[in-house]
Amino acid sequence: MVKFDTKLTFSAGQSSPGEVVATLRTHGCCLIRGAHDRSRATLFRDRLAELYAEMDRRAAEGTLSEDDLKRCHRYGILRPLEHDEYTLADGTRLADHMIDAVLRTPLVDVVRGLLGPRVSLLLPTTHTRRQQATQSERPVPFHQDSAVMRLHDVTVLNFWFPLDPCGRDAPSVEFVPWSLTGILPHGDPSTQGKLYGNLEISEEMARAVFNLENTWHPELDLGDVLLLTSRVVHRTYTRPGMRGQRRNFEIRFAPTADLPREQRDSAIAYDIAGAPTRIQESGPSGVAARHATASY
Ligand SMILES: O=C(O)CCC(=O)C(=O)O
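The structure displayed is predicted, hence computed values, not measured ones.

Chemist: Could you clarify how one ought to interpret the overall build of the protein chain in this entry?
Modeler: Within the protein chain one finds nine helices and 12 strands. A compact globule built from 296 residues should have a C-alpha radius of gyration of about 19 Å, and the protein chain, at 18 Å, falls within 12% of that. Seen along its three principal axes, the alpha-carbon backbone of the protein chain occupies a region of about 50 × 45 × 40 Å. Counting all 296 residues of the protein chain, 41% fall into the buried class.

Shown next as structure tokens:
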């Protein structure tokens, strides 16, 4: 673990996009410290706390819609891109904060370097998440995002922003830090009935292929961002004795031209050759962007 910490950790402003992209190509994941405004992250986190409390209250009293129960509550997920009314006190939409955290910061250079100048923001897998050490639903098991999204031949880049300190007292993310070229067998029959059973790479399979002594699970704080590509094997990092909760948001981009028609039509396309601009003709907007596709 220690050797990966050095290799895979960058500091904002002290590393070139080229170095980050090269690391992603080899290892499928890395961490950039200090790449997200901490005070805005705190505001975002506090607003999320209210929204999660509201979702829990409505789930408990039985007034949450079937759709929200199925797609959000049991996964600990909220979808700000489907809710224009989710705003910070100053009126900023949570969705805009998430998008700007990548497209209006130097992180956009990494997107361009890895994916090219025409990219799409994938709505179904751009969301917030809550993991609590004590939650009743199990945490996310080993998987590859490519398999979950059924985008085996498309490179998707996920920016995962922690909004609580995590990795010591609260769950974080654990990686087998190698960029693979293929998709491992998944969908463990023994866990089919369980949450995430369809995407799970079994522990047995992971052990047969990798040395799991060498996973990477950095401790994270507000201001950090994890970057991961879609074939890297990863899961929620939990350990006995953890007591805390972690909120985060994650936002995913793919090269527009590589997306199959269906995903392209339900994504938001950007031209990032220069200053990022949204390509208006393509994709849904605001609350209209409602998706029935599988969550995870
Ligand atoms: O947030 C987590 O605990 C796991 C996230 C994950 O596996 C993913 O975003 O693909």
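Chemist: Would you explain the site of the ligand in this entry?
Modeler: Neighbouring residues of the ligand: Arg129, Gln131, Pro139, Val140, Asp145, Pro171, Val173, His234, Thr236 and Glu250. Every element with two or more residues in the shell around the ligand is listed here: strand S5 (127-132) and strand S9 (233-237). Looking at the shell around the ligand residue by residue, the classes come out as four nonpolar, three polar and three charged.

Chemist: Would you mind showing me how to read the environment of Thr126 here?
Modeler: Turning to its location among the elements, Thr126 is positioned in the loop between strand S4 (118-122) and S5. If we skip the residues at most four places from it in the chain, Thr126 touches Leu81, Met98, Leu121, Glu250, Ile251 and Arg252.

Chemist: It is not clear to me how the nonpolar core should be interpreted in this structure. Could you clarify?
Modeler: Among soluble globular proteins, nonpolar side chains are generally buried collectively. Cys30, Val111, Leu121, Val225 and Leu227 are the most contacted members of the largest nonpolar core, which has 62 residues in total. Each residue touching Val225, except ones within four places of it in the same chain, is listed here: Ile32, Ala35, His36, Leu107, Phe159, Trp160 and Phe161.

Chemist: Mind showing me how you'd approach helix H5 (residues 94-103) here?
Modeler: Counting buried positions over the 10 residues of H5 gives eight, a clear majority of the element. Every buried residue of H5 is listed here: Leu94, Ala95, His97, Met98, Ile99, Ala101, Val102 and Leu103. Each element contacted by the buried residues of H5 is listed here: helix H3 (38-61), helix H6 (107-115), S4, strand S6 (157-162), strand S10 (245-255) and strand S11 (267-271).

Chemist: Is there a simple way to explain the packing of helix H2 (residues 17-27) against H6 in this structure?
Modeler: Pairs of packed helices are described in terms of their axes, by the angle between the two and the distance that separates them. Running from N to C, H2 and H6 cross one another at 50°; their axes reach a closest spacing of 9 Å. As summarised for this structure, H2 and H6 are arranged oblique, according to the angle between their axes. In the packing of H2 onto H6, the handedness of the crossing is right-handed. On H6, the residues that touch Pro17, Gly18, Val20, Val21 and Leu24 of H2 are Asp109, Val110, Gly113 and Leu114.

Chemist: Would you mind showing me how to read the pairing of strand S7 (residues 172-176) here?
Modeler: Side-chain positions along a regular strand alternate between the two faces of the sheet. With respect to burial, S7 is a largely interior element, five of its five residues being buried. Bridge count between S7 and S9: five bridges; the pairing is antiparallel. Looking at S9, one finds that Phe175 is bridged to His234.

Chemist: Where do I start with H3 in this structure?
Modeler: The α-helix winds at 3.6 residues per turn, so residues separated by three or four positions along the chain end up facing the same way. Taking 1.5 Å per residue, 24 residues should reach 34 Å; H3 reaches 35 Å between its end C-alpha atoms and fits that length. By the burial criterion, the buried members of H3 are Ala41, Phe44 and Leu48. Tucked into the core, H3 has its buried residues touching strand S3 (77-78), H5, S5 and S10. Just downstream of H3 lies Gly62, where phi reads positive at about 80°.

Chemist: I would appreciate a short explanation of unusual backbone geometry in the present structure.
Modeler: When glycine is set aside, most residues are seen to have a negative phi, and most peptide bonds are trans. Non-glycine residue Arg150 carries a positive phi angle of around 55°. Following the sequence through the fold, Arg150 ends up in the loop between helix H7 (145-149) and S6. The exposure class of Arg150 is partly exposed, given the 13 C-beta atoms found within 10 Å. Here the phi dihedral of Tyr196 falls at roughly 75°; this positive angle occurs in a residue that is not glycine. Summarising the element assignment, Tyr196 is placed in the loop between S7 and helix H8 (203-209). Looking at Tyr196, the number of C-beta atoms within 10 Å reads 20, which means it is buried.

Chemist: So what exactly am I meant to see when it comes to the pairing of S11 here?
Modeler: Where S4 and S11 come together, five bridges link them in antiparallel fashion. Note that in S11 the partner of Arg118 across the bridge is Asp271. Pairing of S11 with strand S12 (residues 277-278) involves two bridges; the strand directions are antiparallel. Residue pairing for S12: Asp271 is matched across the bridge by Thr277. Counting the residues that bridge the hairpin from S11 to S12 gives five residues.

Chemist: Explain the environment of Pro276 to me, please; I cannot follow it from the model alone.
Modeler: With respect to the helices, strands and loops of the structure, Pro276 is situated in the loop between S11 and S12. Sequence separation between Pro276 and Asp100 is 176 residues; the distance between their C-alpha atoms is 9.9 Å. With sequence-adjacent residues up to four places away left out, Pro276 is seen in contact with Leu103, Val108 and Tyr270.

Chemist: Honestly, the environment of Ala41 in this entry has me stumped. Any pointers?
Modeler: Residue placement: Ala41 occurs in helix H3. Taking the C-alpha atoms as reference, Ala41 lies 13 Å from Thr87; in sequence the two are 46 residues apart. Once residues within four sequence positions are removed from consideration, Ala41 is found in contact with His36, Leu163, Leu222 and Gly223.

About the criteria used
Residues numbered from 1 in each chain as written. Predicted model: local features only at pLDDT ≥ 70, side-chain atom pairs only at ≥ 80, totals over all residues. Helix = DSSP H or I, 4+ residues; strand = E, 2+ residues; numbered from the N terminus. Rg over C-alpha atoms; globule rule 2.2 N^0.38 Å. Buried ≥ 20, exposed ≤ 12 C-beta atoms within 10 Å, placed from the backbone. Near = placed C-beta within 6 Å. Nonpolar A, V, L, I, M, F, W, Y, C, P; charged D, E, K, R; others polar. Contact = placed C-beta atoms within 7 Å. Core = buried A, V, L, I, M, F, W, Y, C linked by C-beta atoms within 7 Å. Axes fitted to C-alpha atoms, helices over the stretch in contact; angles between N-to-C directions. Parallel < 35°, antiparallel > 145°, perpendicular 65-115°, else oblique. Left-handed = near helix turned anticlockwise from the far one by under 90°. Pairing = 2+ DSSP bridges. Expected span 1.5 Å × (residues − 1).

Keep in mind these values describe shape, not function.
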